[in-house]
Amino acid sequence: MPLSPALITLARSMAGEFDNREQAIGDPAWYVHLRMWQRPVPLFREDSLTLFAEQANVLYPEQAYRQRLIRLRQVDDAEAPLQAHYYAFKNPTAAIGAGLKPKFLNAITLEQLDYLPGCILKITQQDAESFIAQPLPGSQCLFSYQGKQSQVQLGFAVRAQTFESYDKGIDVETQKATWGAVLGPYRYTKRRDFGAEWAIENV
């Protein structure tokens, strides 16, 4: 199935190496200086463009965390034709640092992943290059981490050179935010563009 221009624009905008240097300098008490990688992965080519994502404190780049796959899909849903579906690694330790290892990413298989059925975002196009992603109504993003159940509230906004992350960790019992964009989004600027790595004929 041909991929829509909107899906291609979204994926190319999201593919890159980002950091929030300006935000961290301006408000260091609340925002850690982070580097984030979102890199193309050759999975789900029939209807999707997929990214590997992880992030790290710039002081400890070898300790990257939150390894995940984001499958950007076009679906037969008039209310949410563009969606982001999240996948977790069964062995996240093996994927640490993969944002700088394209050979590793090209070899990822479905057997290494767990689909997270509650972790789906609907994506709304605001204008030619601006998108907002929000949870589907009633969804709850739960996953297992280090032997215990964890929860995250996902969301993002993207333009050609910027990415805002609204991801927040949620305490399963109290439903209060415990980490992430508690006081507002992390605002990233693209420093390297990985959009040219899409190995798909119609992109």
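In case you missed it, the structure is sitting above this.
Anyway, here's the lowdown on the structure attached to this text. Source: prediction; values computed, not measured.

From N to C terminus, the chain includes 3 helices and 14 strands. Against the globule reference of 17 Å for 203 residues, the chain gives a C-alpha radius of gyration of 16 Å, in line with a compact fold. Taking the principal axes of its C-alpha atoms as reference, the chain extends roughly 45 × 35 × 35 Å. Burial analysis of the chain (203 residues in total) assigns 46% to the buried set. Counting only contacts in the chain whose residues sit at least 6 apart along the sequence, the fraction spanning at least 24 positions is 53%. Surface accessibility of the chain: about 10,500 Å² in total, with carbon and sulfur atoms responsible for 52%. Each charge sign in the chain was given a centre, from 21 positive and 22 negative side chains, and these centres are 4 Å apart.

Our focus in this paragraph is the sheet that holds strand E10 (residues 156–158). Strand order in the closed barrel made by the 10 strands is E1-E2-E3-E4-E5-E6-E7-E10-E11-E14, with antiparallel pairing throughout. Each adjacent strand pair in this sheet contributes to an overall mean axis angle of 25 degrees, direction not counted. Relative to strand E3 (residues 48–57), strand E2 (residues 34–41) runs antiparallel, the two being bridged by 8 bridges. For Leu34, the partnering residue across the bridge sits in E3 and is Asn57. The sheet contacts of helix H1 (residues 5–14) involve strand E1 (16–19), E2, E3, strand E4 (65–74), strand E5 (82–89), strand E6 (113–127), strand E7 (130–135), E10, strand E11 (162–165) and strand E14 (186–193), and relative to E4 the element is tilted by about 165 degrees.

Oppositely charged side chains are able to pair whenever their charged atoms sit close together. Taken as a whole and judged by the stated rule, the model has 15 salt bridges. Notably, a salt bridge pairs Arg21 with Asp19, separated by 3.7 Å at the nearest N-O pair. Arg187 is the salt-bridge partner of Glu164, the closest N and O atoms lying 3.4 Å from each other. Taken together, the residues span a long stretch of sequence, with Glu164 in strand E11 and Arg187 in strand E14 at a distance of 23 residues. Assessed through its relative accessible area of 45%, Arg187 is described here as partly exposed. Each of the salt bridges in this network shares a partner with another, and the network as a whole consists of Asp19, Arg21, Glu22 and Arg191.

Moving on: the side chain of Ser130. Relative to the helices and strands, Ser130 is located in strand E7. Under the relative-accessibility criterion, Ser130 is labelled buried at 11%. Here Ser130 is in contact with Thr124, Gln125, Val158 and Arg159, once residues within four sequence places are set aside.

Another point: the state of the cysteines. Following the criterion strictly, the structure yields 1 disulfide and no others. Put simply, Cys119 and Cys141 are joined by a disulfide, and their sulfur atoms are 1.9 Å apart. Measuring the twist about the S-S bond at about 90 degrees, one finds the Cys119-Cys141 disulfide to be right-handed. Of this pair, Cys119 sits in strand E6 while Cys141 sits in the loop between E7 and strand E8 (142–145), and the two are 22 residues apart along the sequence. Summarising the burial analysis for this pair, Cys119 and Cys141 share the class buried.

Before going further, it helps to spend a moment on the pairing of strand E13 (residues 177–180). In the sheet, strand E12 (residues 168–170) pairs with E13 via 3 bridges, with the strands oriented antiparallel. Its bridge partner lying in E13, Lys168 is registered against Gly180. Taking the residues between adjacent antiparallel strands as the criterion, E12 and E13 are bridged by 6 residues, where Gln175 takes a positive phi near 65 degrees.

Cut-off values and rules
Residues numbered from 1 in each chain as written. Predicted model: local features only at pLDDT ≥ 70, side-chain atom pairs only at ≥ 80, totals over all residues. Heavy atoms only, no water. Helix = DSSP H or I, 4+ residues; strand = E, 2+ residues; numbered from the N terminus. Rg over C-alpha atoms; globule rule 2.2 N^0.38 Å. Buried < 20%, exposed > 50% of the residue type's maximum accessible area, 1.4 Å probe, protein only. Contact = heavy atoms within 4.5 Å. Areas by Shrake-Rupley, 256 points an atom, 1.4 Å probe, with all protein chains shown as cover. Lys, Arg positive; Asp, Glu negative; His and termini not counted. Charge placed at Lys NZ, Arg CZ, Asp CG, Glu CD. Pairing = 2+ DSSP bridges. Axes fitted to C-alpha atoms, helices over the stretch in contact; angles between N-to-C directions. Salt bridge = Lys/Arg side-chain N within 4 Å of Asp/Glu carboxyl O. Disulfide = S-S within 2.5 Å.

Note that all results are geometric; they support no functional claim without further evidence.
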